[in-house]
Structure formats: C-alpha cells, structure tokens
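Overview (structure and organization)
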Amino acid sequence: MTELPSCILDTDSNDLLHQLQSLCLDAGLTVSDDQLQMCLDHLLLVIEKNKVINLTRITSLEDALVLHILDSLLLLPYVDRASHGCLLDMGTGAGYPGLPLHIVSGRSSTLLDSVGKKVHAVQEFIDQLHLKDVRPVHSRLEDYARDHRSQYSVVVARALSSLPVLVEYAAPFLSHGGLFIAAKARPDLDELCSGDQAADMCGMRRIDFDEFDLPYGLGHRTVVVYKSVAQPSIKLPRQSGTAKRSPLA
Ligand SMILES: C[S@@+](CC[C@H](N)C(=O)[O-])C[C@H]1O[C@@H](n2cnc3c(N)ncnc32)[C@H](O)[C@@H]1O
C-alpha cells in the first residue's frame, strides 16, 4: 500500500475540510465528510505532483478547493440524473472533474487523456488513495471511441474544446438515453447554436443549460447537458483530429 506524502500530513487538513464542507453546503450539495476528505487528499497529491510535472495552473489551495473540487462536484446533480452505468471523463488532466465525481457518485469510471505523463500521474493518485473501480486511460478520444461504443451512461468534460467538438467526441461513447455534461466558462450564442447543430447530426439533443457564479469571485460556470436520443446521421468517430480541424458546425 502506498503512503500519502508527508506534505499531506503537514497541511492543516481539518481547516481545508471545513472550508470544503461549507462550500458544498452553500452549493446545496450533499457529500459525506469521508468523500470530501478523499477529494481533498487527491487535491493535495495534485499540488505536490504539480511541482514535478505541469498538471494545473492553480497553486493556491484555497482557490483550488473552488476551482477543482467544488467546480467538479457542481456536476454531480446532472450526473445523478443519468441512468445506472459507467462514467467517462474526456481529457481528465489531473483527474478533474472525473475523480471527485467518481468518489462521490460511486460510478465505475474511466479517466481518459492523450498525454501519457498526466495519465501516469492519475494512476499514481488512484493507487495512493486506494480507489477501486476507476481506470485511467492513455488514448485519444477518437481512437478509444472505436472500441468502446455505447459503453457509458454519462460522459463529462471540462476545459477541453468547443461545444460542437465536445458533442462529436462524446456521441459514440453514449448508450441510448445517456447524458453528456459539458462544463464551460461562458459559451456565446454562436457556440451554443453550433453545439446544437452538431448534436443534431450526432443523434443528441440539448436538454439543460444552467449558469452559476463560483464563490469568492473565482469565475463563472455554465453547464450544458445533451442527451443521446437517436443514431448519428454521420459515421462516428471521424478520423483522429478531424473534429477539431473541421467541426461539424
Ligand atoms: C485544458 S486540459 C483540462 C483538464 C481537466 N479536464 C481540467 O478541467 O482540469 C485538457 C486536457 O484534454 C486533453 N486532450 C485534448 N484533446 C484530447 C483528445 N483528443 N483525446 C484525449 N485527450 C485530449 C489534454 O491532454 C489535456 O490534458
């Protein structure tokens, strides 16, 4: 069993846990103390690993409580609306939002990224936290989709790409009725309309759109949710890189 690094033992973890509890309470999220502590341990591991490889720009622990943990958990009510089944985090980076969502939802999860050293770091975090039923995968989304069609009831993504590209990436992974949940900063009307057009071609329909201000003036969050409702009218996935180079809309 891997021990947590000494930085974790030195940090005033109780104070951070109290801050996190009150952030979740204010956001109306019900999360147990054990689950929050696990999210916190993950964050401390990320901050420590960030000294060695570039995982996140956010180095203040207080900001990271909001911008990494709370921001991930804000997707929980949408994840909970999906039917029973697996969760995929597309472009997980250091494990956000997928790892906190796995910890709290208990869904069997895949955390995918195309950068090997990030996936390796996420594997270390999973081992150090002794988490089960969560798998880091090193692949491009377009490649992984070929062998994992319709295997997920919920797909999430944060800070990955524009809505039409995200919808195209997510579509092949979703089972019928599955949900794709995108966490965006402030998409403009053009992006939203292009996302809807791409969704139409991919057999998906937008079913939700919510906006929040994050606490402490740390920014704005928009959550856009699409549902898989039909077969795509085009062959997916397209060749690697095509979605980004030549978006559907
Ligand atoms: C800006 S980071 C966001 C990381 C994390 N989701 C977060 O919000 O902190 C985008 C991540 O997506 C990954 N990525 C970009 N395109 C990808 C693709 N086609 N397949 C898999 N991963 C991809 C990048 O390697 C990067 O780690």
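Residues numbered from 1 in each chain as written. Predicted model: local features only at pLDDT ≥ 70, side-chain atom pairs only at ≥ 80, totals over all residues. Heavy atoms only, no water.

For the chain, the name recorded in an unreviewed UniProt entry is Ribosomal RNA small subunit methyltransferase G, with Enorma phocaeensis as its organism. For the chain, the Sequence similarities (unreviewed entry) comment in UniProt is given as "Belongs to the methyltransferase superfamily. RNA methyltransferase RsmG family." Per UniProt, the comment on the chain under Subcellular location (unreviewed entry) is "Cytoplasm". (UniProt positions renumbered as here; feature names shortened; annotations may be inferred.)

Burial runs high along strand β7 (residues 220-228): eight of the nine residues are buried. Bridging between strand β5 (residues 174-184) and β7 involves six bridges; their strand directions are antiparallel. Residue pairing in the sheet places Phe180 in a bridge with Tyr226 of β7. Two elements, strand β6 (residues 204-213) and β7, share nine bridges in a ladder whose sense is antiparallel. Directly across from Met204, in β7, lies its bridge partner Ser228. (Buried < 20%, exposed > 50% of the residue type's maximum accessible area, 1.4 Å probe, protein only. Helix = DSSP H or I, 4+ residues; strand = E, 2+ residues; numbered from the N terminus. Pairing = 2+ DSSP bridges.)

Turning next to the packing of aromatic side chains. The final tally for this structure, using the stated rule, is three aromatic pairs. Ring centres of Tyr152 and Phe173 lie 6.0 Å apart, and the angle between their planes is 75°; on these two criteria the pair is classed as edge-to-face. With Tyr152 in strand β4 (residues 152-158) and Phe173 in the loop between α9 (163-170) and β5, this pair connects stretches of sequence that are 21 residues apart. Residues Tyr152 and Phe173 agree in their burial class; the two are buried. Each ring, one from Phe180 and one from Tyr226, has its centre 6.1 Å from the other, and the planes form 15°; the classification is stacked. With Phe180 in strand β5 and Tyr226 in strand β7, this residue pair connects regions lying 46 residues apart in the sequence. Look at Phe180 and you get buried, because its relative accessible area is 0%. (Phe/Tyr/Trp six-rings, centres within 6.5 Å; stacked < 30°, edge-to-face > 60°.)

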